[in-house]
Amino acid sequence: MDRLELTELARILRIWGGEEECVELSEDVQDLYWDELGYDSLSVLQAIGSIERKYDVLLDGELLERADTPRSFLRCVNQVLRSRAAAAV
């Protein structure tokens, strides 16, 4: 089953958000808001596109509104990935 892990999300966000102004994602900061971590909405939208291509999945357009922290983002993405895997069985 496909699952997006925090380390992979951090790698993707570094590509789109830049490293110098953004906080490194770790377990300790998963509950901070994107703007507190230095990521703007465009960085997160680009990460969503990257995840959609990598995992061959379409994420809900309202994901950004509900997923305002890395933890909630991972929860939403992994829920979609689990649903897709369950439908394939």
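In this text the structure is predicted, and so the values were computed from the model without any measurement.

Quick look at the overall build of the protein now. Assigned secondary structure in the protein consists of 5 helices and 0 strands. Reading the protein from its N end, one meets helices and strands in the order α-α-α-α-α. By the compact-globule yardstick of 12 Å for 89 residues, the protein fits well, its C-alpha radius of gyration being 13 Å. Relative to its 89 residues, the protein shows a buried fraction of 42%. Sequence separation of at least 24 residues holds for 60% of the intrachain contacts in the protein that already meet a minimum separation of 6. When the accessible surface of the protein is split by element, carbon and sulfur atoms take 49% of a total near 5400 Å². Computed over 10 positive and 19 negative side-chain charges, the separation of the two mean positions in the protein equals 8 Å.

For the rest of this paragraph, the subject is unusual backbone geometry. The residue Asp 56 is not glycine, and still its phi comes out positive at about 50 degrees. Along the chain, the position of Asp 56 falls in the loop between α3 (41–55) and α4 (63–66). A residue is classified by how much of its surface remains accessible, and Asp 56, at 64% relative accessible area, is exposed.

This paragraph deals with the packing of aromatic side chains. Under the criterion given, the structure shown has 2 aromatic pairs. Ring geometry for Trp 34 against Phe 73: centres 5.7 Å apart, planes inclined by 85 degrees, an arrangement best described as edge-to-face. Of this pair, Trp 34 sits in helix α2 (residues 34–37) while Phe 73 sits in helix α5 (residues 70–88), and the two are 39 residues apart along the sequence. Look at Trp 34 and you get buried, because its relative accessible area is 7%. Given a relative accessible area of 1%, Phe 73 falls into the buried group. Through a chain of ring-to-ring contacts, three or more aromatic side chains come together here, namely Trp 34, Tyr 39 and Phe 73.

A word on the environment of Cys 22. In this structure, Cys 22 sits in the loop between α1 (6–17) and α2. Measuring from C-alpha to C-alpha, the distance between Cys 22 and Gly 49 comes to 19 Å, with 27 residues separating the pair along the chain.

Our focus in this paragraph is the pattern of salt bridges. Scanning the entire structure with this criterion turns up 6 salt bridges. A single salt-bridge network, built from bridges that share partners, covers Glu 8, Arg 11 and Lys 54.

If you check α5, its first and last C-alpha atoms are 27 Å apart, about what 19 residues at 1.5 Å a residue would give, namely 27 Å. Those residues of α5 not exposed but buried are Pro 70, Ser 72, Phe 73, Leu 74, Cys 76, Val 77, Asn 78 and Leu 81.

Right, let's get into the environment of Glu 5. Among the structural elements, Glu 5 can be located in the segment before α1. What makes Glu 5 partly exposed here is its relative accessible area of 41%. Between the C-alpha atoms of Glu 5 and Asn 78, which are 73 residues apart in sequence, the distance is 8.8 Å. In terms of polar contacts, Glu 5 uses its side chain to reach the side chain of Arg 3, at 3.2 Å.

What counts and what doesn't
Residues numbered from 1 in each chain as written. Predicted model: local features only at pLDDT ≥ 70, side-chain atom pairs only at ≥ 80, totals over all residues. Heavy atoms only, no water. Helix = DSSP H or I, 4+ residues; strand = E, 2+ residues; numbered from the N terminus. Rg over C-alpha atoms; globule rule 2.2 N^0.38 Å. Buried < 20%, exposed > 50% of the residue type's maximum accessible area, 1.4 Å probe, protein only. Contact = heavy atoms within 4.5 Å. Areas by Shrake-Rupley, 256 points an atom, 1.4 Å probe, with all protein chains shown as cover. Lys, Arg positive; Asp, Glu negative; His and termini not counted. Charge placed at Lys NZ, Arg CZ, Asp CG, Glu CD. Phe/Tyr/Trp six-rings, centres within 6.5 Å; stacked < 30°, edge-to-face > 60°. Salt bridge = Lys/Arg side-chain N within 4 Å of Asp/Glu carboxyl O. Expected span 1.5 Å × (residues − 1). Polar contact = N/O pair within 3.5 Å; in protein donor to acceptor, adjacent residues only side chain to side chain.

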